[in-house]
Amino acid sequence: MKSISKILILVLFSLSVDAQQNNLDSLLKALKKADSDLLRYQVNTELYFHYEETNRDSALYYIEELLSLAKNNNQTLAYAEALSDKGYQLTQKGRYAEALKCLYESLPIASDPQNEKNSWPSSLNYTPAKARLSLVARTEQFIGYLMSHTQNHEQALVHLNNVKRIALVNGD
C-alpha cells in the first residue's frame, strides 16, 4: 500500500511540473505574438507571477520589462505597481536600500487619485479607484515586510496598520 501511495505522489508531482512548464511555454509564445504594449504588459505580469517566489532574478527581469512598458506608455499606476513588486523582490534578496527606494517611489504615485484617470485595466477587474487603493495597501505591506526584515518593528507595525485601514476602506 505504501508503494502505491509513493507512486501516486510521484505521478501527481510529475503532472504538476509538466503543467507548469506548459504554462510557461504558453506565456512565452503569447509574449512573442503580443501585438500591443497592453498585451505585452499583461503577459509579462503573468511571467513575473510565475517566477515571483521561485526565481527572484527572473522575477526581477520581468519587473524591468513591466517598468519599461509602463513608463513608455505613461501608465503611472502600472509603473507604481511594478516598482512596488521590484521593492518586494529586492527585499527578499536582502537589497534593502534599493528596495526602500523603489517602495518609497511607488507609494506617492499609488496614493494620488489623479493617477486613476489614465490606467490600464486591473487584472482583478477592479475599478480604477479600488485598484489604486489595493496597490497602496500592497505597497504599505511590502514596506512593512522590509521594516521587519531590518528589525525596525515599530515602523513595520505602522505600515501594516495602514494596510488594515486601507483594506477596511476598500472593502477587502
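The rules we used
Residues numbered from 1 in each chain as written. Predicted model: local features only at pLDDT ≥ 70, side-chain atom pairs only at ≥ 80, totals over all residues. Heavy atoms only, no water. Salt bridge = Lys/Arg side-chain N within 4 Å of Asp/Glu carboxyl O. Helix = DSSP H or I, 4+ residues; strand = E, 2+ residues; numbered from the N terminus. Buried < 20%, exposed > 50% of the residue type's maximum accessible area, 1.4 Å probe, protein only. Lys, Arg positive; Asp, Glu negative; His and termini not counted. Contact = heavy atoms within 4.5 Å. Polar contact = N/O pair within 3.5 Å; in protein donor to acceptor, adjacent residues only side chain to side chain. Core = buried A, V, L, I, M, F, W, Y, C linked by side-chain atoms within 4.5 Å.

A.B. asks: Whenever I open this one, the pattern of salt bridges confuses me. Can you help?
C.D. replies: Pairs can form between side chains of opposite charge whenever their charged atoms are close. Throughout the structure, instances matching the rule amount to eight salt bridges. Between D57 and K93 there is a salt bridge, and its shortest N-O distance comes to 2.7 Å. One end of the pair, D57, is in helix α3 (residues 56-72); the other, K93, is in the loop between α4 (76-92) and α5 (96-111), and 36 residues separate them in sequence. Looking at D57, the relative accessible area reads 53%, which means it is exposed. Here R95 ties to E98 by a salt bridge, and the two come within 2.8 Å at their closest N and O atoms.

A.B. asks: What is the right way to read the side chain of E140 from this model?
C.D. replies: Relative to the assigned elements, E140 resides in helix α6 (residues 128-149). No salt bridge is formed by the buried E140, whose closest oppositely charged neighbour, R165, lies at an N-O distance of 5.5 Å. In this structure E140 touches L107, H159, N162, V163 and I166, once residues within four positions along its chain are discounted.

A.B. asks: Looking at this structure, I do not really get the environment of V43. What am I missing?
C.D. replies: In this fold, V43 is placed in helix α2 (residues 37-51). Given a relative accessible area of 8%, V43 falls into the buried group. For the pair formed by V43 and L27, sequence separation is 16 residues and the distance between their alpha carbons is 6.5 Å. In this view, V43 contacts L27, A30 and L31; residues no more than four positions away in its chain are not counted.

A.B. asks: Sorry, what's going on with the side chain of N115 here?
C.D. replies: Checked against the element boundaries, N115 lands in the loop between α5 and α6. On the accessibility criterion, N115 (16% relative accessible area) is buried. Engagement of the side chain of N115 in a polar contact is seen with the backbone oxygen of I109, the distance being 2.7 Å. Ignoring any residue separated from it by four or fewer positions in sequence, one finds N115 in contact with T76, L77 and I109.

A.B. asks: Looking at this model, I keep getting lost on the nonpolar core. Mind explaining?
C.D. replies: In globular proteins that are soluble, nonpolar side chains generally tend to be buried together. Ranked by size, the top nonpolar core spans 39 residues in total, and within it Y41, L47, Y48 and L66 carry the most contacts. At the level of secondary structure, the elements contributing two or more residues to this core comprise α1 (2-33), α2, α3, α4, α5, α6 and α7 (153-170). Per element, the largest residue contribution to this core is eight residues, and it comes from α3. Look past the residues within four positions of Y41 in its chain and what remains in contact with it is L66, L69, A70, A78, E81 and W120.

A.B. asks: What is the right way to read the environment of G144 from this model?
C.D. replies: As for its placement among the helices and strands, G144 is situated in helix α6. Remark: the alpha-carbon pair of G144 and H159, spanning 15 residues in sequence, is separated by 5.1 Å. If we ignore the near neighbours within four places in the chain, the residues touching G144 are A156, H159 and L160.

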